[in-house]
Amino acid sequence: MRILDLSPDQRPRERLLAGHGETLSDADLLALLWGTGLRGASAVELAQAVLGRTGGLAGLLALGLNDWLEQPGLGPAKAGQLWAALELSRRAQRGSDRPRITSPRAAGSYLLPRCQGWTEERFGLLALNAKGDLLAERILSQGTATATLISPREFFREALRYGASTALAFHNHPSGDPAPSREDIQLTRRLQAAGESLGVPLADHLILGRERYHSFRAAEGWDQRG
């Protein structure tokens with residue numbers, strides 16, 4: 001069935017324009033985004049099928065671009081539209097109030113929602129001023145499903161570029177387990193040493209998993225070391 005075969009009060013676009021956008025289902029909203037369905041299935045029916053396979057909207061958005069491309073009926077165009085809509089939402093959140101990050105909990109609350117759905121390991125920087133206000137957020141490296149590469153020189157070069165007083169490092173573990181590896185520990189030590197020599201202390205290094213994170217600052221008591 002095509003959307004045109006539905007009565008006007010059942011079509012997502014007409015309902016939206018009539019002022020009933022808040023009543024649209026998740027499938028209706030996806031149908032509006034995609035615009036078209038497949039041969040023999042409307043955009044709404046396609047959206048319903050995809051949501052059913054992925055466990056609803058939360059399950060769908062927890063996947064990455066490559067996972068969407070593997071979904072029957074979602075070619076590059078529809079997967080790209082979904083990615084663009086999600087990225088616009090992320091950028092709007094980043095561009096609103098500038099967060100103040102002064103604790104591992106604040107850093108985790110800010111970063112965890114941003115990494116959900118990443119299927120590759122990414123390493124990033126939060127450049128902070130003396131009060132902990134966020135000056136810039138950058139992804140510096142993107143690797144494979146198990147590793148990424150970053151050098152302390154590149155990390156602090158970007159931090160200094162934004163006039164940071166302190167720099168917070170973060171990366172994700174696509175496995176969902178934020179436990180640090182030996183390489184993570186060694187890199188943290190190198191970042192600490194480089195930050196001390198440059199006068200831009202490493203505020204923390206967060207490893208982001210699935211709804212959990214590991215903070216080196218909290219785990220090793222950096223505050224207590226003074």
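What counts and what doesn't
- Residues numbered from 1 in each chain as written.
- Predicted model: local features only at pLDDT ≥ 70, side-chain atom pairs only at ≥ 80, totals over all residues.
- Heavy atoms only, no water.
- Phe/Tyr/Trp six-rings, centres within 6.5 Å; stacked < 30°, edge-to-face > 60°.
- Buried < 20%, exposed > 50% of the residue type's maximum accessible area, 1.4 Å probe, protein only.
- Lys NZ or Arg CZ within 6 Å of the ring centre and 35° of its normal.
- Core = buried A, V, L, I, M, F, W, Y, C linked by side-chain atoms within 4.5 Å.
- Helix = DSSP H or I, 4+ residues; strand = E, 2+ residues; numbered from the N terminus.
- Pairing = 2+ DSSP bridges.
- Axes fitted to C-alpha atoms, helices over the stretch in contact; angles between N-to-C directions.
- Contact = heavy atoms within 4.5 Å.

A. Spotlight on the packing of aromatic side chains. Applying the stated criterion to the full structure yields two aromatic pairs. When the centroid spacing of 5.0 Å and the interplanar angle of 85° are considered together, the rings of Phe155 and Phe156 count as edge-to-face. Phe156 shares its class with Phe155; the two are buried. Taken together, the ring pairs connect Phe123, Phe155 and Phe156 into an aromatic cluster. The ring of Tyr110 has Arg114 sitting right over it, with the charged end atom 3.8 Å from the ring centre.

B. Up close: the nonpolar core. The biggest cluster of nonpolar side chains holds 20 residues, and the ones touching the most others in it are Phe123, Phe155, Phe156, Ala167 and Leu191. Among the elements of the structure, β1 (122-128), β2 (134-142), α8 (152-161), β3 (166-172), α9 (182-198) and β4 (202-208) are those that each provide at least two residues to this core. One finds Tyr110, Leu126, Ala203 and Leu206 within the second-largest nonpolar core, a separate group that totals 15 residues.

C. Looking closely at the sheet that holds β2. A sheet is described by the order of its strands in space; here five strands give the open sequence β2-β1-β3-β4-β5, paired in mixed fashion. Either end of the sheet is taken by a strand with one partner, and the two such strands are β2 and β5 (213-215). Across the sheet, the mean angle separating the axes of adjacent strands is 20° when strand polarity is ignored. Relative to β4, β3 is paired through six bridges, and the arrangement is parallel. Looking across to β4, one finds that His171 is bridged to Ile207.

D. Structural detail: the side chain of Asp28. Counting through the fold element by element, Asp28 comes out in helix α2 (residues 26-34). Given a relative accessible area of 8%, Asp28 falls into the buried group. Look past the residues within four positions of Asp28 in its chain and what remains in contact with it is Pro12, Arg15 and Val44.

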